Amino acid sequence: MVSKQFSFRLSDEVVEWLEGLQLEGESLNQTAQRILTKSADLSTDSLSTTVDIKSLVNQEIEASLTEVRSQLEELRGKLKAR
């Protein structure tokens, strides 16, 4: 499969949004690639151009919130243990 490199600028707000969606150890470029690939529902096996950005954003927000809630619960447990 042939790939092409893209280069473009993003506003500070979009960069902050991407930073919020970063997975541990993932670069901003990798995050952007993951989000774009997911939003286009593309995989190496199939090419589908169905895009549901709102659903994708909601999924990413929910995943981030779940992680934050988990971390908060862990911190609360540590505070109670003191």
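Right, let's walk through the structure included here.

What counts and what doesn't
- Residues numbered from 1 in each chain as written.
- Predicted model: local features only at pLDDT ≥ 70, side-chain atom pairs only at ≥ 80, totals over all residues.
- Heavy atoms only, no water.
- Helix = DSSP H or I, 4+ residues; strand = E, 2+ residues; numbered from the N terminus.
- Buried < 20%, exposed > 50% of the residue type's maximum accessible area, 1.4 Å probe, protein only.
- Contact = heavy atoms within 4.5 Å.
- Areas by Shrake-Rupley, 256 points an atom, 1.4 Å probe, with all protein chains shown as cover.
- Core = buried A, V, L, I, M, F, W, Y, C linked by side-chain atoms within 4.5 Å.
- Salt bridge = Lys/Arg side-chain N within 4 Å of Asp/Glu carboxyl O.
- Axes fitted to C-alpha atoms, helices over the stretch in contact; angles between N-to-C directions.
- Parallel < 35°, antiparallel > 145°, perpendicular 65-115°, else oblique.
- Nonpolar A, V, L, I, M, F, W, Y, C, P; charged D, E, K, R; others polar.
- Patch = residues over 30% accessible without salt bridge, like charges linked within 9 Å, V, L, I, M, F, W, Y side chains within 5 Å.
- Left-handed = near helix turned anticlockwise from the far one by under 90°.

## Some remarks on the overall build of the protein
When helices and strands are tallied, the protein shows three helices and zero strands. Sequence-ordered secondary structure for the protein, helices as α and strands as β, is α-α-α. Out of the 82 residues belonging to the protein, those deemed buried represent 13%. Within the protein, contacts between residues at least 6 apart in sequence are counted, and of these 16% link residues at least 24 apart. Per element, the accessible surface of the protein, about 7,400 Å² overall, is 53% carbon and sulfur.

## A short note on the nonpolar core
Membership of the largest hydrophobic core is limited to five residues, which are L18, L21, A32, I35 and L56. Every element with two or more residues in this core is listed here: α1 (12-21) and α2 (28-39). When sequence neighbours within four positions are dropped, the list of residues in contact with L18 reads L10, L28, T31, A32 and I35.

## Some points on the pattern of salt bridges
Overall, the coordinates contain five salt bridges when judged by the stated rule. In this structure, R34 and E26 form a salt bridge, with 3.0 Å as the shortest nitrogen-oxygen distance. Considered together, R34 and E26 belong to a single accessibility category, that of buried residues. Linked through salt bridges whose partners overlap, the residues forming this network are E26, R34, K38 and E60.

## Let's talk about the packing of α1 against α2
At their nearest, the axes of α1 and α2 sit 9 Å apart, and the two run at 85° to each other. With respect to their mutual orientation, α1 and α2 come out roughly perpendicular. The segment α1 lies against α2, with V15, W17, L18, E19 and L21 engaging L28, T31, A32, R34 and I35. Within the contact of α1 with α2, the residues separate by chemical class into seven nonpolar, one polar and two charged.

## Side note on a nonpolar patch on the surface
A contiguous nonpolar surface patch, about 620 Å² in accessible area, is contributed by F6, F8, L10, V14, W17 and L36. By secondary structure assignment, the location of V14 is in helix α1.

## As for the packing of α2 against helix α3 (residues 53-81)
Interaxial distance between α2 and α3 falls to 9 Å at its minimum, and their mutual angle equals 130°. Compared by their axis directions, α2 and α3 come out oblique. Where α2 crosses over α3, the two elements pack in a sense that is right-handed. Residues R34, I35, K38 and S39 of α2 touch α3, and the partners they reach there are I53, L56 and E60. Across the contact of α2 with α3, the residue classes break down as three nonpolar, one polar and three charged.

Remember that the coordinates give geometry; whether it matters functionally is a separate question.
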